[in-house]
Amino acid sequence: MANAHSIPDLKNQVRDFWDADPCGTRYLEGPEDFQAHARARYALEPHIPEFARFSSARGLRVLEVGVGMGADYLEWLKAGALASGVDLSAASLERARRRCELAGFRPDLRLADAERLPFGNNTFDVVYSYGVMHHSPDTPQCFREAWRVLKPGGEARIMVYHHPSLTGAMLWLRYGLSQGKSLRRAVYDHLESPGTKTYTLAEVRSMMAGFENIALRQVFSPGDLLLNRPSARFQSPAYRLVWRLYPRRLAGMLGGGWGLFLLISGRKPAVPAPYALTECSSHQRCKT
Ligand SMILES: C[S@@+](CC[C@H](N)C(=O)[O-])C[C@H]1O[C@@H](n2cnc3c(N)ncnc32)[C@H](O)[C@@H]1O
């Protein structure tokens, strides 16, 4: 498989995908019913506030990379953080901006690429990114950028997709098995934007090489347990039956080791050494 970041058009495809369908749109109950989106989000993913630690951010400079429709970004503002946010998708940013304005805030949101952040070195106390960097063609570069813009002693809190996962296994059963694709290739081609990558714990540790106090935690995504509202392509009666009959309790007993979400935190050292990041040898497989 070619290196994802060598496919010239891939980033445009990623941007077009999220412009056409900003993340979480299926949970809006009206064009601007952002509260419905937030209710669904935090009910389905109750680990988010604990992981992000919004409430400890008062007065801190926070950067959110990949704000999407801005549910978490608004939480940073409500908590009193000096929060900036970026996203590659103008349509997503537009909704995030509107959401903040309706809530009475003036957001600092910018159209920018996680691989080339428009901020100086050592700027932020916290860099937060939830479900974003695996969509960008050069994911290790996103980690390097997070490290660069963090102040010494600052903390990165990042969620990327984990390999293996129940979501990956289901996509493999649906698309991989008949088309001779690996589990990862099934995710790469069929989960959300084109080129979505998944990472083992060892690969994530490699991408976090410049950080210290690294903590990793795997959790099930709503999709792993089919708790989510099916997206447009899974609306047929056959899929509805799968959603109804899915053995959630049994799947849950596998434990978070088969969860899609990998919650990562780590500190930039107070006296940082040069970032000794291991180069990735393929689109997702980092040498360790
Ligand atoms: C799955 S959504 C997550 C959005 C939000 N963090 C959330 O949890 O709802 C992925 C987001 O990442 C953004 N994204 C993908 N690649 C990016 C890049 N290179 N730079 C900035 N944003 C990017 C997409 O535009 C999209 O809004």
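Everything below is about the structure shown above.
Residue positions are counted from 1 within each chain, in the order its sequence is given. This being a predicted model, a pLDDT of at least 70 is required before a residue's local features are given, and a value of 80 or more before pairs of side-chain atoms are given or counted; all residues contribute to the totals for chains, interfaces and linings.

A. Structural view of the overall build of the chain. The number of helices and strands found in the chain is 11 helices and seven strands. Note on method: radius of gyration uses C-alpha positions; expected globular size equals 2.2 Å times residues raised to 0.38. By the compact-globule yardstick of 19 Å for 288 residues, the chain fits well, its C-alpha radius of gyration being 18 Å. Across its three principal directions, the C-alpha atoms of the chain cover 50 × 45 × 40 Å. Relative to its full complement of 288 residues, the chain shows a buried share of 43%. By definition, residues are in contact whenever their C-beta atoms, placed on the basis of the backbone, come within 7 Å of each other. Restricting to contacts in the chain with at least 6 residues of sequence separation, those with at least 24 account for 70%. Only DSSP runs of H or I with at least four residues qualify as helices, and only runs of E with at least two residues qualify as strands; both kinds are numbered from the N terminus onward. We call a residue exposed when 12 or fewer other C-beta atoms sit within 10 Å of its C-beta, buried when the count reaches 20 or more, and partly exposed for counts in between; the C-beta positions come from the backbone.

B. Focus on the site of the ligand. By definition, a residue lies near a molecule or strand when the C-beta atom built from its backbone is within 6 Å of it. Near the ligand you find 21 residues, and of these Trp18, Cys23, Gly66, Gly68 and Ala114 are the closest. For the shell around the ligand, the elements supplying multiple residues, two or more each, are α1 (10-20) and β2 (82-87). Only Asp, Glu, Lys and Arg are considered charged, only Ala, Val, Leu, Ile, Met, Phe, Trp, Tyr, Cys and Pro nonpolar, and every remaining residue, Gly among them, polar. Of the residues in the shell around the ligand, the class split is 10 nonpolar, eight polar and three charged.

C. Structural detail: helix α4 (residues 71-78). When you tally the buried positions in α4, you get seven out of eight residues, the bulk of the element. Along α4, the positions that sit buried rather than exposed are Ala71, Asp72, Tyr73, Leu74, Glu75, Trp76 and Leu77. Of the surrounding secondary structure, the elements contacted by the buried residues of α4 are α2 (34-44), α3 (47-52), β1 (61-65), β2, α5 (90-102) and β4 (124-130). Where α4 ends, the next residue or the one after it, Gly80, has phi of about 90 degrees, a positive value.

D. Quick look at the environment of Ala36. Take Ala36: it is sitting in helix α2. Classification of Ala36 as partly exposed rests on a count of 14 C-beta atoms within 10 Å. With 181 residues separating them in the primary sequence, Ala36 and Arg217 have C-alpha atoms 28 Å apart. Apart from the residues lying within four places of it in its own chain, the contact partners of Ala36 are Tyr27, Leu28 and Glu29.

E. View of unusual backbone geometry. A cis amide bond links His163 with the next residue in sequence, Pro164, at an omega value of 5 degrees. Relative to the helices and strands, Pro164 is located in the loop between β5 (150-161) and α7 (166-179). Residues other than glycine seldom take positive phi values, yet Arg53 does so here, at roughly 55 degrees. Among the structural elements, Arg53 can be located in the loop between α3 and β1. Even without being glycine, Asn213 reaches a positive phi, approximately 50 degrees.

F. Quick look at helix α6 (residues 139-149). Here α6 lies mainly inside the structure; eight of its 11 residues are buried. Along α6, the residues that are buried comprise Thr139, Pro140, Cys142, Phe143, Glu145, Ala146, Trp147 and Val149.

G. Summary view of the packing of α7 against helix α8 (residues 183-190). Running from amino to carboxyl end, α7 crosses α8 at an angle of 85 degrees, the nearest separation of the two axes being 8 Å. If you check the angle between α7 and α8, you find them roughly perpendicular. Contacts between α7 and α8 involve Gly168, Ala169, Leu171, Trp172, Tyr175 and Gly176 from the first element and Leu183, Arg185, Ala186, Val187, Asp189 and His190 from the second. Partitioning the contact of α7 with α8 into residue classes produces seven nonpolar, three polar and two charged. For helices, the fitted axis covers only the stretch in contact; all axes are lines through C-alpha atoms, and the angles between them, taken along N-to-C directions, range from 0 to 180 degrees. Here the angle decides the label: under 35 degrees means roughly parallel, over 145 means roughly antiparallel, 65 to 115 means roughly perpendicular, and every other value means oblique.

H. Examining the nonpolar core more closely. Within the largest apolar cluster, 55 residues are counted, with the highest numbers of intra-cluster contacts made by Val62, Val127, Ala146, Val160 and Leu262. It is β5 that provides the largest number of residues to this core, a total of six residues. Those residues within four positions of Val127 in sequence are excluded, and the remaining contacts are Leu63, Val65, Ala146, Val149, Leu150 and Ala156. For our purposes the nonpolar core covers buried Ala, Val, Leu, Ile, Met, Phe, Trp, Tyr and Cys residues that link as a set through C-beta atoms within 7 Å. Core analysis: the second largest hydrophobic core is formed by eight residues, Leu166, Met170, Leu171 and Tyr188 among them.

Geometry only, nothing functional implied.
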